[in-house]
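Spelled out from the first residue to the last, the chains are:
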Amino acid sequence: MKKILLTGVNGQVGYALLPKFSQQQLFPISRSELDLADQDDIRRLIRDIKPDLIINPAAYTAVDKAESEPELAFAVNATAPRILAEEAAKLDAAMIHFSTDYVYDGTKKTPYVEGDLVNPAGVYAKSKLAGENAIREAGLPHLILRTSWVYGAYGKNFLKTILRLAGERDSLRIVSDQFGAPTSSENIANAVIQLVEKWQWQDQAQTGIYHLTNAGNTSWHGFACEIVTEYEALRIERGWPALKTKVEDIAAITAAEYPTPATRPANSKLDNSKLKQTFNIELPNWEQGLQQVMQQLEF
Ligand SMILES: NC(=O)c1ccc[n+]([C@@H]2O[C@H](COP(=O)([O-])OP(=O)(O)OC[C@H]3O[C@@H](n4cnc5c(N)ncnc54)[C@H](OP(=O)(O)O)[C@@H]3O)[C@@H](O)[C@H]2O)c1
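Values in this document were obtained by computation on a predicted structure and should not be read as measured data.

Rules and cut-offs
- Residues numbered from 1 in each chain as written.
- Predicted model: local features only at pLDDT ≥ 70, side-chain atom pairs only at ≥ 80, totals over all residues.
- Heavy atoms only, no water.
- Helix = DSSP H or I, 4+ residues; strand = E, 2+ residues; numbered from the N terminus.
- Contact = heavy atoms within 4.5 Å.
- Expected span 1.5 Å × (residues − 1).
- Bend = angle between axes of the 7 residues up to and from the residue.
- Buried < 20%, exposed > 50% of the residue type's maximum accessible area, 1.4 Å probe, protein only.
- Axes fitted to C-alpha atoms, helices over the stretch in contact; angles between N-to-C directions.
- Parallel < 35°, antiparallel > 145°, perpendicular 65-115°, else oblique.
- Left-handed = near helix turned anticlockwise from the far one by under 90°.
- Nonpolar A, V, L, I, M, F, W, Y, C, P; charged D, E, K, R; others polar.
- Phe/Tyr/Trp six-rings, centres within 6.5 Å; stacked < 30°, edge-to-face > 60°.
- Near = heavy atom within 4 Å.
- Polar contact = N/O pair within 3.5 Å; in protein donor to acceptor, adjacent residues only side chain to side chain.
- Areas by Shrake-Rupley, 256 points an atom, 1.4 Å probe, with all protein chains shown as cover.

Student: Looking at this model, I keep getting lost on the environment of His221. Mind explaining?
Tutor: Among the structural elements, His221 can be located in helix H7 (residues 220–238). In the structure, His221 is positioned 48 residues away from Arg173 in sequence and 8.1 Å away in space, judged by C-alpha atoms. If we skip the residues at most four places from it in the chain, His221 touches Ile174, Val175, Ser176, Ile250, Ala251 and Ala252.

Student: Would you mind showing me how to read H7 here?
Tutor: Each turn of an α-helix holds 3.6 residues, which means side chains three or four residues apart point in the same direction. End to end, H7 covers 26 Å across 19 residues, agreeing with the expected 27 Å (1.5 Å per residue, within 8%). For H7, the principal kink sits at Glu232 and spans about 30°. Buried residues of H7: Trp220, His221, Phe223, Ala224, Cys225, Ile227, Val228, Glu230, Tyr231, Leu234 and Arg235, and no others. For H7, the secondary structure elements touched by its buried residues are strand E6 (150–151), helix H5 (158–168), strand E7 (172–175), strand E11 (218–219), strand E12 (250–253) and helix H9 (286–296). A positive phi of about 70° marks Gly239, the residue just after H7.

Student: Honestly, the packing of helix H2 (residues 39–49) against helix H3 (residues 70–90) in this entry has me stumped. Any pointers?
Tutor: For any two helices packed against each other, the geometry comes down to the angle between their axes and how far apart the axes lie. Two elements in contact, H2 and H3, have axes whose closest approach is 10 Å; the angle formed by their N-to-C orientations is 30°. Comparing their axes, H3 and H2 come out roughly parallel. You can see that H2 and H3 cross each other, and the crossing is right-handed. In contact with Gln39, Ile42, Arg43, Ile46 and Arg47 of H2, H3 contributes Thr79, Ala80, Arg82, Ile83, Leu84, Glu86, Glu87 and Lys90. Along the lines of polarity and charge, the residues of the contact of H2 with H3 split into 5 nonpolar, 2 polar and 6 charged.

Student: It is not clear to me how the environment of Met1 should be interpreted in this structure. Could you clarify?
Tutor: Along the chain, the position of Met1 falls in the segment before strand E1 (4–6). C-alpha of Met1 to C-alpha of Lys109: the two residues are 108 residues apart in sequence and 45 Å apart in space. Leave out the neighbours within four places in its chain, and Met1 touches Ser22, Gln24, Gln25 and Asp52.

Student: What should I look at first to understand the packing of aromatic side chains in this one?
Tutor: Aromatic rings considered in pairs are described by the distance between their centres and by the relative angle of their planes. Throughout the structure, instances matching the rule amount to 13 aromatic pairs. Residues Phe158 and Phe223 carry aromatic rings whose centres are separated by 5.2 Å and whose planes lie at 15° to one another, so their mutual orientation is stacked. With Phe158 in helix H5 and Phe223 in helix H7, the pair connects residues that are 65 residues apart, well separated along the chain. On the basis of relative accessible area, Phe223 is assigned to the buried category, the value being 0%. Of the aromatic side chains, those joined through ring pairs into one cluster are Trp149, Tyr151, Phe158, Trp220, Phe223 and Trp286.

Student: Would you take a moment to explain helix H4 (residues 123–138) for this structure?
Tutor: In a regular helix each residue adds 1.5 Å, so 16 residues correspond to 22 Å; H4 covers 23 Å between its end C-alpha atoms and thus fits that length. All of the buried residues in H4 are Val123, Tyr124, Ala125, Ser127, Lys128, Leu129, Gly131, Glu132, Ala134 and Ile135. Looking one or two residues beyond H4, the residue adopting positive phi is Gly139, at roughly 75°.

Student: Looking at this model, I keep getting lost on the site of the ligand. Mind explaining?
Tutor: Taken together, 25 residues lie near the ligand, and Val13, Leu36, Thr61, Tyr124 and Lys128 sit nearest. A distance of 2.9 Å is found between an oxygen atom of the ligand and a backbone nitrogen or oxygen belonging to Gln12. At 2.7 Å, a side-chain N or O of Lys128 approaches an oxygen atom of the ligand. Here the ligand loses 82% of its free accessible area of 900 Å² to cover by the protein chains. Within the residue set of the shell around the ligand, elements represented by two or more residues are helix H1 (12–17), strand E4 (94–100) and H4. Tallying contributions element by element places E4 first for the shell around the ligand, with 3 residues. Partitioned by chemical class, the residues of the shell around the ligand number 12 nonpolar, 9 polar and 4 charged.

Here's what the structure looks like:
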């Protein structure tokens, strides 16, 4: 049985992955057990556990805050994956790592494919790209999964923010000129489980970068409208409180009207064909992913 070390178990993707593995094979690691900004601690832990596979969803994900904390963002997103990969390589182990749509600058008109030019805009995006490169250089079998707009019933995310704000305010203004695929942490976790089963580590052709998002795409405005619509569809039956914002009260604005410290790509659409062709894995449409997550919400 493979020994699997899973980081970031209190994050969205890590938490969704936790129940998918048998307890005997899994070594779940939270920040309190391992600070990924501490290089010596990482080496010590890997040498101690000797995993066959490292799954690393832990990351510094505060995209705007990263602009003022570049050293910490790079320590967690670039140096930590490098050390994890170096130590794993010494053990002949493999690694599954997560990256982001933000490695692209968003100027392409059609969905990005894995071979497209990367051009990250902000500190977070640059640190994530540096992490990808470090893993590739370590020379171990790896899957780097670029995903986008992650949300779920557990954790801090856009879905939770929209529902909170819609409960407090009469109207919302949401960016409508950035497009991508809202991707459910639960759907990511289900895909990762299939990858763990299907991936032939010794087949070097399978090592590499893959896009992994829910199918279809929308804008942040479209996502917000769908969240409120789905909430309203379930609200009475589930006994949830009424929202102050109705779907028609959600105004579409441009990204220029909502300036943030870090620039986001206008086009975050990722083509998932490589994942389908290599592993026959396909995530559901984003609306379906949202419906599944809404069923899990409690208020
Ligand atoms: N969220 C998105 O929209 C999005 C989009 C594209 C790609 N991704 C990528 O997908 C992956 C999973 O993202 P996610 O949404 O699950 O992230 P998340 O919910 O923010 O979770 C990140 C986890 O990393 C942990 N962490 C942060 N700094 C750490 C440190 N110094 N030492 C140890 N652990 C640390 C956090 O610990 P605490 O719980 O203690 O804070 C948290 O458990 C990441 O690689 C991310 O870059 C995310």
